[in-house]
Amino acid sequence: MYLFAGILFAVCVFFFIFHFFRRRNIICKIRCMDPCKKQRLLNDLAEPFGFSYHPDCDIITSRLDAPQKTFGYQHLYDRTASHFHMVFHCEPIYFDYQGRTWMIEFWKGQYGINIGGEIGIYHADGIVPPERFEQTVFHAVSENELLPLSMELCFKGRPLFCLNRPHWWLTGFCTGRYADPEDLSMNISITFPSEEMMNCFTKALLYTGYSSCDICICGLSVSFTFSIPHSRQPKHCFRFPFAQWKNRQLCRLYRHITRPFHCVLDQILYLYFFLPAAFRRTLRFKKHRRQKCRKKRTCRKCS
């Protein structure tokens, strides 16, 4: 009995010493790395997940060639988001233009240990009646259909970051931050290729519940603030409160583990070297069921 206790104590001491020196070496390694090298490394690591590091804003953002583009969008993603600890407000705007139903959706909220916002642009193959919106799979727009987008995410009125570029899925995520969706707001601007498309989108905004005072039109650009959603929100299951509680605890744990660093770039690289599994979880902002099912089918075929 005493021999077993002594062996167990020795093993614990060994792992404590090993953990201490390994952590110290990783901290020194990151602090000695060239900033450009660190950014290239993180972008290479984040590329398979469809994301990249934005050095000016110190955030994670989506790439134009993100693999998520293949899966498009359907209402199921929003309805099951809380199962993957994503708690957000969403605002889908549907309108018909040139023989197809378009959907431009906005999201803001908590994505695991990240707070962030999204703008997604999709369209169906044809005209979709309103009663079929939630059953329809919308496809991401092609490269020649990208729209210039601008997004400023604010926490309780204080700006966190601002992004501006043509995209089909413009996103920004602040890692290690916690917020309830109602504490976040997004200042959005979209520039359309024609006045006809702009008018169709503006009418859809008014139909959703925005007033003419909420919308600012300048040329072919439409600007407004997404704060309180006007559309019906997906019915979240009983996991919703638990998901937010767990997100808050994970944010605290993340900040505790990465406390030697204050920059998101250094924090995420520290996770990569020290806790690879936690690094992968950090970059999984969205988990589509179709993607999960396809992976399972692929594994079965391989076996």
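Residues numbered from 1 in each chain as written. Predicted model: local features only at pLDDT ≥ 70, side-chain atom pairs only at ≥ 80, totals over all residues. Heavy atoms only, no water.

1. With respect to the nonpolar core
Here is step 1 of the chain: By size, the foremost hydrophobic cluster in this structure holds 84 residues, and its most contacted members are Ile104, Phe106, Tyr122, Ile190, Phe192 and Phe201.
Here is step 2 of the chain: No other element matches the eight residues that helix H6 (residues 264-274) contributes to this core. (Core = buried A, V, L, I, M, F, W, Y, C linked by side-chain atoms within 4.5 Å. Buried < 20%, exposed > 50% of the residue type's maximum accessible area, 1.4 Å probe, protein only. Helix = DSSP H or I, 4+ residues; strand = E, 2+ residues; numbered from the N terminus.)

2. A few points about the packing of helix H2 (residues 35-46) against H6
Here is step 1 of the chain: The contact between H2 and H6 brings their axes to 10 Å, and the two run at 60°. Classed by the angle they form, the pair H2 and H6 counts as oblique. In this structure, the crossing between H2 and H6 has a hand that is left-handed. Of the residues in H6, those in contact with Pro35, Lys38, Gln39, Leu41, Leu42 and Leu45 of H2 are Leu265, Asp266, Ile268, Leu269, Tyr272 and Phe273.
Here is step 2 of the chain: Classifying every residue of the contact of H2 with H6 by side-chain character gives nine nonpolar, one polar and two charged. (Axes fitted to C-alpha atoms, helices over the stretch in contact; angles between N-to-C directions. Parallel < 35°, antiparallel > 145°, perpendicular 65-115°, else oblique. Left-handed = near helix turned anticlockwise from the far one by under 90°. Contact = heavy atoms within 4.5 Å. Nonpolar A, V, L, I, M, F, W, Y, C, P; charged D, E, K, R; others polar.)

3. A word on the sheet that holds strand E11 (residues 216-218)
Backbone hydrogen bonds are what pair the strands of a sheet, in a parallel or an antiparallel way.
Here is step 1 of the chain: Ordered by their spatial adjacency, five strands build an open sheet running E8-E7-E10-E12-E11, and the pairing between neighbours is antiparallel. Each of the sheet's edge strands pairs with one partner strand only, and the pair in question is strand E8 (158-167) and E11. Along the sheet, successive strands turn relative to each other by an average axial angle of 15°, direction set aside.
Here is step 2 of the chain: Pairing of strand E7 (residues 147-155) with strand E10 (residues 184-191) involves seven bridges; the strand directions are antiparallel. Paired with glutamate 152 across the strands is asparagine 187, a residue of E10.
Here is step 3 of the chain: In the packing of helix H4 (residues 195-208) onto the sheet, the strands contacted are E7, E10, E11 and strand E12 (221-226), and the crossing angle to E12 comes to about 20°. (Pairing = 2+ DSSP bridges.)

4. Some points on the confidence of the model for the protein
Here is step 1 of the chain: For the protein, the mean per-residue pLDDT works out to 87, and 85% of the residues sit at or above 70.
Here is step 2 of the chain: Across residues 287-303 the pLDDT falls below 50, and counting only partners more than four positions away or on other chains, this stretch makes 17 contacts in the model. (pLDDT = per-residue confidence, 0-100.)

5. Here's the deal with the UniProt feature "transmembrane region" (unreviewed entry) in the protein
Here is step 1 of the chain: As annotated in UniProt, the feature "transmembrane region" (unreviewed entry) corresponds to residues 264-283 in the numbering used here.
Here is step 2 of the chain: Counting secondary structure, residues 264-283 comes out at 90% helix and 0% strand; the distance between its end C-alpha atoms is 12 Å. (UniProt positions renumbered as here; feature names shortened; annotations may be inferred.)

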